[in-house]
Amino acid sequence: MAIVEPIGEIAVTPAVEVKAAVARARMAQAAWGALKFADRARVMEKARTILMREQERFIEVIRRETGRSHFETLMMEIFPALDSLTYYAKHAEKFLTDKRPGMHLLRTKKLLVTYKPLGVVGIITPWNGPFILALNPTVQALMAGNAVIVKPSEVTPLSGELVGELFREAGLPENVFQCVLGDGETGAALVGAGVDKISFTGSVATGRKVGEACGRALVPCTLELGGKDAMIVCDDADLERAAGGAVFGGFFNAGQFCCGTERVYVHDAIFDAFVARVVEKTRALRQGTEGEYDVGRMIWPRQLDVIERHMADAIAKGARVLCGGNRNGGFYEPTVLVDVTHEMSIMTEETFGPILPIVRVASDDVAIEMANDSIYGLSGTVWSKDEARAIAIARRLETGSVCINESSITYGACEAPFGGRKQSGVGQVNGEVGLRGYCHAMPIVIDRFGTKEEHVWYPYTADKERTLQKVIRWVWGTPLGKWMS
Ligand code: ADP
């Protein structure tokens, strides 16, 4: 029997059809972008009502493609989708309404900053959060007045298509949202089809290709890529909470979560007690496909090869398996490892599976140094009862975001700008920053008084230069001038 049974077939959108979709989107965007925020918000609110009412239908499709538990699907796909639809409907106007910042120096002018939609946004998504990672950027781009074309992962296309279904039922005008289907070829076609922005979520290798293609076409993009997130457990951490957080952070979505906990650094003083609790909690996890269970199968069986390669390398170099360690059809057992080092790929490459390697460290400094010893920098967590100490550690981490005494939930916090450092990404999504990223901030400078000419216009004379020097001396050479400038 195959590890994962096929559940259907999709028709791939040919490149010429992708171009046609962009043309249709551009036509439809004009009217959508001209609507008031309140009118766009109404569509989001309608979509929320439909999603709340018909969540089971959505969960069913997502579960068939991912093998995830019902609870986890509700928690990581439906709940944040409802939040995203509500939050951006409520706040987009505040973030994107015209601003009139005063002019600090050129006081004879006024400044108006207006946020114009970019036009057509292409959103390319991965398979690990197939509904929310398509819906959340879509909501932001739509509320900013753009038309959207999503290219879902070829591994989970039906979950991506659900976004279109939802907005169609919510009354979004035709062609303001479209889905194109296929693999990397279709993704590449979308990047080259004349869109005004690409929002990409996926692997580093593909992100680099997308970034290069966007660079050539001078199309702005955000790249949300992989991670190797570190968890730092201080000697004053609440052991029970930290152990629970490690197990959840490591095994949530069977480890297929870009902000999943991939490395744990634990202070020497509590190491043994912490590891014992983590192993106990891990052993209690239930794997399955039906009824109540905690950890599902791997969504994309090819990921099992990566896990097995990392595990074999770690064991060959001296790692000890405290529990788990076996592949079981399409599943991989939740696994706890110790005696791991940064010579092992399990500590340096993204595993994206249910593996929790734990390292003993002597101090906060060593933990920080080891956490930063990575090509990635997506997120990370710090666990301590002393908030000031935890924040001080967080500030020193070379990573996109940090959670304290909590597993990585930043992507789900609408207010928090989200994006990676180093090879984990380029640019940020979500919140005010994310919404603004789907716009062009256009400054309009307006002269106030309508004088016949400006001092700096032609002709240039010695007299005018002397006056300009006087202005310079007054503005940056006197206390009053410095205060006013
Ligand atoms: P994963 O889903 O494993 O994180 P990828 O990074 O390969 O994997 O894929 C993320 C998304 O990027 C998928 O929708 C995939 O089809 C798409 N994709 C793959 N190659 C390209 C490419 N060259 N250009 C644009 N999109 C691509």
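Residues numbered from 1 in each chain as written. Predicted model: local features only at pLDDT ≥ 70, side-chain atom pairs only at ≥ 80, totals over all residues. Heavy atoms only, no water.

Observations concerning the environment of Gln423
Keep this limit in mind: Runs of E in the DSSP output that reach at least two residues are strands. Runs of H or I that reach at least four are helices, and both are numbered from the N terminus. Note on classification: 1.4 Å probe, protein chains only; a residue is buried when its accessible area is under 20% of the maximum for its type, exposed when over 50%, partly exposed between these limits. Contacts were defined at the residue level, with two residues in contact if any of their heavy atoms lie within 4.5 Å.
Mapping Gln423 onto the fold places it in the loop between β17 (421-422) and β18 (425-426). For Gln423, a relative accessible area of 31% gives the class partly exposed. Beyond its immediate sequence surroundings of up to four residues, Gln423 is in contact with Val204, Arg208, Leu225, Ile375 and Tyr376.

Re the packing of helix α2 (residues 37-53) against helix α6 (residues 157-169)
Short version of the rule: A fitted line through C-alpha atoms represents every axis, and for helices the fit uses only the stretch in contact; the resulting angles, taken between N-to-C directions, go from 0 to 180 degrees. For classification purposes, an angle smaller than 35 degrees is called roughly parallel, one larger than 145 roughly antiparallel, one from 65 to 115 roughly perpendicular, and anything else oblique. It is the rotation of the near helix from the far one that decides the hand of a crossing: anticlockwise by less than a right angle makes it left-handed, clockwise makes it right-handed. Gly is placed with the polar residues, together with every amino acid not listed as nonpolar (Ala, Val, Leu, Ile, Met, Phe, Trp, Tyr, Cys and Pro) or charged (Asp, Glu, Lys and Arg).
Between α2 and α6, whose axes approach to 8 Å, the crossing angle comes to 115°. Relative to α6, α2 is oriented roughly perpendicular. As for the relative orientation of α2 and α6, their crossing is right-handed in sense. Here Val43, Met44, Lys46, Ala47, Ile50 and Leu51 of α2 lie close against α6, whose contacting residues are Leu166, Phe167 and Glu169. Considered class by class, the residues forming the contact of α2 with α6 number seven nonpolar, no polar and two charged.

Describing the nonpolar core
Rules: What we call a nonpolar core is a set of buried Ala, Val, Leu, Ile, Met, Phe, Trp, Tyr and Cys residues that are connected through their side-chain atoms within 4.5 Å.
Core analysis: the largest hydrophobic core is formed by 52 residues, its most contacted members being Met44, Leu51, Leu85, Phe131, Leu135, Leu166 and Phe167. With 10 residues, helix α4 (residues 70-96) is the single largest residue contributor to this core. With residues near it in sequence (within four places) discarded, Leu85 still touches Met44, Ala47, Arg48, Leu51, Leu135, Val139, Leu166 and Phe167. Within the second largest apolar cluster, 51 residues are counted, among which are Ala242, Ala243, Phe271 and Val338.

Digging into unusual backbone geometry
With omega at 0°, the peptide bond leading from Tyr458 into Pro459 counts as cis. Relative to the elements of secondary structure, Pro459 occurs in the loop between β19 (439-447) and α16 (462-477). Notably, Leu218 is not glycine yet its phi reads approximately 55°, a positive angle. The topology assignment puts Leu218 in the loop between α8 (204-217) and β6 (221-224). Even without glycine at this site, Lys422 takes up a positive phi of about 50°. Turning to its location among the elements, Lys422 is positioned in strand β17.

Things to note about α8
Operational definition: An expected span of 1.5 Å times one less than the residue number is assigned to each helix. Along the arc lie the directions from the helix axis toward the C-beta atoms.
Spanning 14 residues, α8 covers 20 Å between terminal C-alpha atoms, matching the ideal 20 Å at 1.5 Å per step. Those residues of α8 lying buried are Val204, Gly207, Val210 and Cys214. All buried residues of α8 lie within an arc of 120° about the axis, which places them on one face of the element. Among the exposed residues of α8, those pointing more than 90 degrees away from its buried face are Ala205, Lys209 and Arg216. On its buried face, α8 is in contact with α7 (184-191), β5 (197-201), β6 and β14 (376-377).

Some thoughts on the sheet that holds β18
Rules: By definition, two strands form a pair when at least two bridges between them are found by DSSP.
What the six strands build is an open sheet, ordered β4-β3-β2-β5-β6-β18; its pairing is mixed. Single-partner strands in this sheet number two, and they are β4 (177-179) and β18. With four bridges connecting them, β5 and β6 associate as parallel partners. Paired with Ser199 across the two strands is Thr222, which belongs to β6.

Thoughts on the site of the ligand
Rule in force here: Near is defined per residue: the residue qualifies when any heavy atom it owns lies within 4 Å of the molecule or strand. In the analysis that follows, any N or O atom pair within 3.5 Å is treated as a polar contact, provided that within protein one partner can donate a hydrogen and the other can accept it, and provided that, for residues neighboring in sequence, both atoms belong to side chains. Only the protein chains shown count as cover for residues, and all accessible areas are computed by the Shrake-Rupley method using a 1.4 Å probe.
In the vicinity of the ligand, 19 residues are found, and the nearest of them are Thr125, Lys151, Glu154, Ser203 and Thr206. Thr125 is positioned with one of its backbone polar atoms (N or O) 2.8 Å from an oxygen atom of the ligand. Within the side chain of Glu154, an N or O atom sits 2.6 Å from an oxygen atom of the ligand. If the ligand stood free it would expose 550 Å²; the protein chains cover 81% of that surface. Considering only residue class, the shell around the ligand consists of seven nonpolar, eight polar and four charged.

Examining the packing of aromatic side chains
Inclusion rule: Two rings belonging to Phe, Tyr or Trp (six-membered ring only in the last case) form a pair when the distance between their centres is within 6.5 Å. Interplanar angles under 30 degrees mark stacking, angles over 60 mark edge-to-face geometry, and anything in between is tilted. By definition here, charges over rings are those cases where NZ of Lys or CZ of Arg is within 6 Å of the ring centre and within 35 degrees of the ring normal.
Per the stated rule, a full pass over the model turns up nine aromatic pairs. Centroid distance Phe167 to Phe177: 6.2 Å. Interplanar angle 45°. Geometry classified as tilted. In this pair, Phe167 is assigned in helix α6 and Phe177 in strand β4, connecting sequence segments 10 residues apart. When the ring of Tyr411 is compared with that of Phe418, the centres are 5.1 Å apart and the planes differ by 90°; the resulting orientation is edge-to-face. Through a chain of ring-to-ring contacts, three or more aromatic side chains come together here, namely Tyr87, Tyr88 and Phe95. The residue whose ring lies beneath Arg40 is Phe37, and the NZ or CZ to ring-centre distance is 5.0 Å. The ring of Tyr438 carries the charged tip of Lys197 above its face, separated from the ring centre by 5.1 Å.

Brief notes about the packing of helix α1 (residues 15-34) against α7
Put simply, α1 and α7 touch, their axes get as near as 9 Å, and they point 40° apart. It follows that α1 is oblique to α7 by the angle criterion. In this structure, α1 crosses over α7, and the sense of that crossing is right-handed. Contact residues: α1 offers Ala15, Val18 and Val22, while α7 offers Thr186, Ala189 and Leu190.

Observations concerning the pairing of strand β15 (residues 380-383)
Worth spelling out the cut-off: A right-handed crossover is one whose linking path, passing over the helix from the first strand to the second, runs clockwise when the strands point away from the viewer.
Neither face of β15 is exposed, since Gly380 and Val382 on one face and Thr381 and Trp383 on the opposite face are all buried. Relative to β15, strand β7 (residues 229-233) is paired through four bridges, and the arrangement is parallel. Among the inter-strand pairings, Ile232 is bridged to a residue of β15, identified as Val382. By the bridge criterion, two bridges tie β15 to strand β16 (residues 403-404) in an arrangement that is parallel. Bridge pairing links Val382 to Ile404 in β16. Running through helix α14 (residues 387-395), the crossover from β15 to the neighbouring parallel element β16 is right-handed.

In short, geometric facts, not functional conclusions.
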